[in-house]
There are 2 protein chains.
Amino acid sequence: MTTERQFIRDLQAQFPTLHPVKIGIGDDGAVLDVSADSQQVIVTDLLLDGVHFDLNVTSPFLAGRKAVAVNLSDLAAMGCRPTAAFVSLAVSQARLHASPDFLRDLYRGIQQMTEEFQFSLAGGDTNSWSGPFAINVCLTGVPFSGRPFLRTGAQPGDAIFVTGPLGGSLQAGRHLTFMPRLHISEWLSRNVEVQAMMDLSDGLSIDLHRMMEASRTSAEIFTSMIPIHADVPAEWSADKRLAAALSDGEDFELLFTVSESAAATLQVAAIDAAVSLFQIGRVATGSGVRLIDLSGNNRSMDVTGWQHGL
Amino acid sequence: MTTERQFIRDLQAQFPTLHPVKIGIGDDGAVLDVSADSQQVIVTDLLLDGVHFDLNVTSPFLAGRKAVAVNLSDLAAMGCRPTAAFVSLAVSQARLHASPDFLRDLYRGIQQMTEEFQFSLAGGDTNSWSGPFAINVCLTGVPFSGRPFLRTGAQPGDAIFVTGPLGGSLQAGRHLTFMPRLHISEWLSRNVEVQAMMDLSDGLSIDLHRMMEASRTSAEIFTSMIPIHADVPAEWSADKRLAAALSDGEDFELLFTVSESAAATLQVAAIDAAVSLFQIGRVATGSGVRLIDLSGNNRSMDVTGWQHGL
């Protein structure tokens, strides 16, 4: 099985990055130099019935909403506000006959996101076929201030933060209703020098590995500081609850680093602004991720999140 | 059955066009004002196994090539060169196991287009599922000169042109190997004032109706001037050959109008530049499309091309 990581490396080798593309394959989105002094970010995600939602139990409204929301989470990770959406659909005639309101409900879910964050549905493509439902969303965005955030800028000594509690998203259905962290991304853009940022889609375990690898750094995570979501059953053992927070995935919180000196003032400012931030560890030299518990026990964190197989 | 036309009108009513989107749903692509003095065009098309190609007989190479080429044709129609591609895939594990080189061959087909027209694959999303193969391509582009071409600018008196012979594309497999008309689009951008342009994807019959409706004009087409492709069997009756040219679809030639005064000099310049152009009629007031034969017989052209049903 080719891993997603190797697959992406092969594509990077096969397809050169040409102007106006500044950052291509490998981050949450691509960065284009669209004029001498402005950059644009483009993100895309394809969501599939039976993989990212199940239309036997998920409404078309929530499927459409999620398809846009996961892309908004990618834009938030890049420090960008959305400017336009492009939505492509494949849907069966059988479904449309069985559910005549399917497309109307789906587009209402999309509309909830375009209205919340004030951007246009600017294009797309709708097709019928005999296969299961599929929806691709492509969003354009522009940085809230100055430059987009990347995964590559973490520096040894940085403090590592997440924007909310983790775990239990898929089981509780939070992955269908989460609010993309655009407001926090905007607040951070204006209040601190973010060094590196990405969104948590596949689980802190694998996503933190990805950021550290992109930044050529390692991470030390204090397990007692990882916020565990109320969707993770309280009666579970501490180990099982921690594992859920590390590897359930689809949290769609932001993971980011700031310098040690910025971290202290950031936490105070965040409280004043009612912005939810949790420091979970720090960046170090070397590679990999180490978990440190309250007793000072130190172990390497396995990659346990959702690793896409091809 | 909701027609594609009504479906698009409903979306236009539901989703307002907000800055930086200047032209949204309804043309070959969207136009964004990305800076004070520059515009960007974004196009997207979703291609499905069993609908746009058949992987039982079509190679992954040609499927990948077509997925990019049809989007390049949309950019050509807008008078734009491509700047970046975003490719999303859904493919089954069964297919990857049966054809381990599937993705490699597919991306080589994509690469043929990115190398031919010198732009980057800048992002995408690859997923496995149990459904049939689906590929969505989103391309960004910038105008060859000045402004993008739209469907809406045809004026009564304009001459109507197509860039090549029509008909027989699906039967002969030309839809998999055609060369998007970017070079002709660039040449036109630099040599004539194009009033309206679109690409012929669903057949001249329906696509010309769409352009005339968008421009609030009518068209008079001289049937003897419609170039019929060699892929349309020569032994067929004249009526059957004309019907093929009008309604087979997937020609991916450009359809455009220029003013009457520009038309004469354009034809001479095109011959000098070895650019293939065929004048097929003229724009008039009113609505609809009329076919005029050599005897002067005049009839209304039915919409016989591929009208997407939903």
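The structure this text deals with has already been given above.
Being a predicted model, the structure only gives us computed values, none of them experimental.

K.L.:
What am I meant to see in the relation of the copies chain B and chain A here?
P.N.:
The operation relating the pair of chain copies consists of a rotation about an axis and a translation along that axis. Rotating chain B by 180° and translating it 0.0 Å along the rotation axis places it on chain A, where the RMSD comes to 0.0 Å. The symmetry that links the two subunits is that of a two-fold axis. In this assembly the copies share their binding face: 100% of the residues contributing to the interface of chain B also contribute to that of chain A.

K.L.:
Which parts of the structure should I look at to understand the sheet that holds strand β8 (residues 196–199) of chain B?
P.N.:
Residue and element names in this part refer to chain B. Judged by pairing direction, the sheet is mixed, and its seven strands sit side by side in the order β8-β10-β7-β11-β9-β12-β13 without closing on themselves. The open sheet has two edge strands, β8 and β13 (298–300), and neither has a second partner. The sheet shows a mean angle of 25° between the axes of neighbouring strands, taken without regard to direction. In terms of strand pairing, strand β7 (residues 159–162) meets strand β11 (residues 278–284) through four bridges, oriented antiparallel. Residue pairing for β11: Ile160 is matched across the bridge by Gly281. Helix α2 (residues 60–77) contacts β8 and β10 (254–258) of the sheet and is inclined by roughly 175° relative to β8. Across the sheet, helix α9 (residues 260–272) is in contact with β7, β10 and β11; its angle to β10 comes to roughly 120°.

K.L.:
Just checking my understanding: could you explain α9 of chain B for this structure?
P.N.:
Three or four residues apart is the spacing at which side chains of an α-helix point the same way, because the helix has 3.6 residues per turn. Residue Leu266 of chain B marks the point of greatest curvature in α9 of chain B, where the axis turns by about 25°. Immediately downstream of α9 of chain B, the backbone of Ala274 of chain B shows phi near 55°, a positive value.

K.L.:
Hey, could you run me through the interface of chain B and chain A in this one?
P.N.:
Put simply, an interface is often sized by how much accessible area is lost when its parts join up. The interface is formed by 56 residues belonging to chain B together with 56 residues belonging to chain A. Among the secondary structure elements, those contributing two or more residues to the side of chain B that touches chain A are α1 (4–14), β2 (30–35), β3 (38–48), β4 (80–92), α4 (102–117), β5 (120–129) and β6 (134–143) of chain B. Each residue belonging to the side of chain B that touches chain A can be placed in one class, and the counts come to 29 nonpolar, 25 polar and two charged.

K.L.:
Honestly, the pairing of strand β6 (residues 134–143) of chain A in this entry has me stumped. Any pointers?
P.N.:
The side chains of a regular strand alternate, first on one face of the sheet and then on the other. Residues and elements named next belong to chain A. Summarising burial for β6: nine of the 10 residues are buried, a large majority. The pairing of strand β3 (residues 38–48) with β6 spans eight bridges and is antiparallel. The residue of β6 that forms the bridge with Ile42 is Thr140. Here strand β4 (residues 80–92) runs beside β6; their pairing, made up of 10 bridges, is antiparallel. Across the sheet, the residue bridging to Cys80 is Pro143, located in β6.

Conventions and cut-offs
Residues numbered from 1 in each chain as written. Chains lettered and ligands numbered in written order. Predicted model: local features only at pLDDT ≥ 70, side-chain atom pairs only at ≥ 80, totals over all residues. Least-squares fit on C-alpha atoms with pLDDT ≥ 70 in both. Contact = placed C-beta atoms within 7 Å. Pairing = 2+ DSSP bridges. Helix = DSSP H or I, 4+ residues; strand = E, 2+ residues; numbered from the N terminus. Axes fitted to C-alpha atoms, helices over the stretch in contact; angles between N-to-C directions. Bend = angle between axes of the 7 residues up to and from the residue. Nonpolar A, V, L, I, M, F, W, Y, C, P; charged D, E, K, R; others polar. Buried ≥ 20, exposed ≤ 12 C-beta atoms within 10 Å, placed from the backbone.

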